[in-house]
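Residues per chain are reported as follows:
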Amino acid sequence: MSSVEHTPMSTSNQVDDAPPLGLGIIGAGGFGTFVCNAAAGLPGVRVVALADEDAARAARLAAASGATVAADLTAMLTDDRVEAVIIATPPSTHAALAVRAFEAGRHVFSEKPMALSVEDARRVSAAAASSDRVYVVDHVIRYNPIITAVERLRDEGLVGPLQRFSFENAASDEFLQPDHWFWDPDLSGGILLEHGVHFFDVAAELIGAPAREVQTMGYRRADGRVDTVVATVAHTNGALATHAHGFCHASRAERQLMRLDCGLTEILIHGWIPLLAEFNAWVDDQGAEAYEALPASAQQLLNVRGARLGGTESITVDVQRNAAEPATHTRDRDFQAPHHVTTTIDLGWPEAHLRVYSESRSEEHTSELQSRQYL
């Protein structure tokens, strides 16, 4: 048996001395405030303008951030300082706002979902394509270091193809008042669009194939609010996924778990913003050596362009050699897998939640702009 552990040092991503990209934030509510604060610590960008239907709310955020308040959306989109806009409004407004921003020649970072209908999504896609501007939708989990690490290990052959994806989200409704727009499907799109879209996205990313068929059902309260939904998804390569979201818990009883079934490897990922991954794998000689080498390459494995590690990350590997007979068989294939491996990737669970959440969003703000040489 061998055991190795490594904690990588924190990293920072440098940008050149070009003037910061001017950001305009549409929506000064809770999410707009969060994104404004995240952008404030990001090199290469600067929040210069805010717009909100509630002028007092916009003024409060402007005073805290040093930005100015735009009289309305037209004023923001004609402000020469605003080169990119962040759409931080309820989902029903996302498509129309994105199209207007593209027509004004601005880059767009939109809160998810991009639209509430296929027709509107296509309209946004066409506007983005014709504008030649950068468009990023807030699918924040695909930029998480644990998810990118799983993808890298999959691409290197250390983790087999994903056969089954499942996500269980027991979320809180404790601070969601009955009249909040979240509960109105005409405004939010319902739970699967407003929140579940994160996990449809990451499932397709990890499975490596789009959805082919979706079946859903939900629980409706006596007052009409749907607070629990389940979706079963068949992907085009045959992989299956299940998604369960319930906004019906006390905040102290929230819990989330993602399970990736890769045949000889099972991965359990904790937190709706992934913070802790536990690998349970059966491998051959080459696989055992590859796992043992992971801690030494922790910084490279967890690096996400544009994001910064915080110094709390660690990778621990334990290998039990010859824990079973070498030969095994599954899905009409023979394998040699005598060694049992347990591996933990920890980003600082649970205290690192807000930092990782913020860094993943910061990566979204910059990665596409950097790749297109706008930063």
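The model shown is predicted, which means the values in this text are computed figures rather than measured ones. Counting of residues starts from 1 at the beginning of each chain's written sequence and follows it residue by residue. With pLDDT at 70 or above as the cut-off, local features in this predicted model cover only qualifying residues; side-chain atom pairs require 80 or more to be listed or tallied, and sums for whole chains, interfaces and linings still use all residues. Values shown for side chains rest on all heavy atoms present in the structure; no hydrogens or waters enter the calculation.

K.L.:
Which residues make up unusual backbone geometry, and what values do they have?
P.N.:
K112 connects to P113 through a cis peptide bond whose omega is -10 degrees. Each helix is a run of H or I in the DSSP string that is no shorter than four residues. Each strand is a run of E no shorter than two, and both are numbered from the N terminus. Structurally, P113 can be placed in the loop between β6 (107-110) and α5 (118-131). The amide bond that connects W349 to the next residue, P350, takes the cis arrangement and shows omega of -10 degrees. Relative to the helices and strands, P350 is located in the loop between β18 (339-346) and α12 (353-371).

K.L.:
Describe the sheet that holds strand β4 (residues 68-69), naming the residues involved and giving the relevant values.
P.N.:
Here, any two strands with at least 2 DSSP bridges between them count as paired. Read across the sheet, six strands follow the order β4-β3-β2-β5-β6-β7 without closing on themselves; strand pairing throughout is parallel. Taken across any chain shown, the strands that pair with only one partner, and hence form the sheet edges, are β4 and β7 (135-137). Inspection of the sheet shows strand β2 (residues 21-26) paired to strand β3 (residues 45-51) by six bridges, in the parallel sense. In the strand pairing of β3, G22 is matched with R46.

K.L.:
I'd like a description of the pairing of β6, backed by residues and values.
P.N.:
The alternating pattern of β6 places H107 and F109 and V108 and S110 on opposite faces, both of which are buried. Relative to β6, strand β5 (residues 84-87) runs parallel, the two sharing four bridges. Following the sheet pairing, A84 is matched in β6 by H107. When the strands point away from the viewer, a crossover counts as right-handed if the path from the first strand over the helix to the second runs clockwise. Taken together, β5, helix α4 (residues 94-103) and β6 constitute a β-α-β crossover, and its handedness is right-handed. Burial classes follow relative accessibility: with a 1.4 Å probe on protein chains only, a residue under 20% of its type's maximum area counts as buried, one over 50% as exposed, and anything between as partly exposed.

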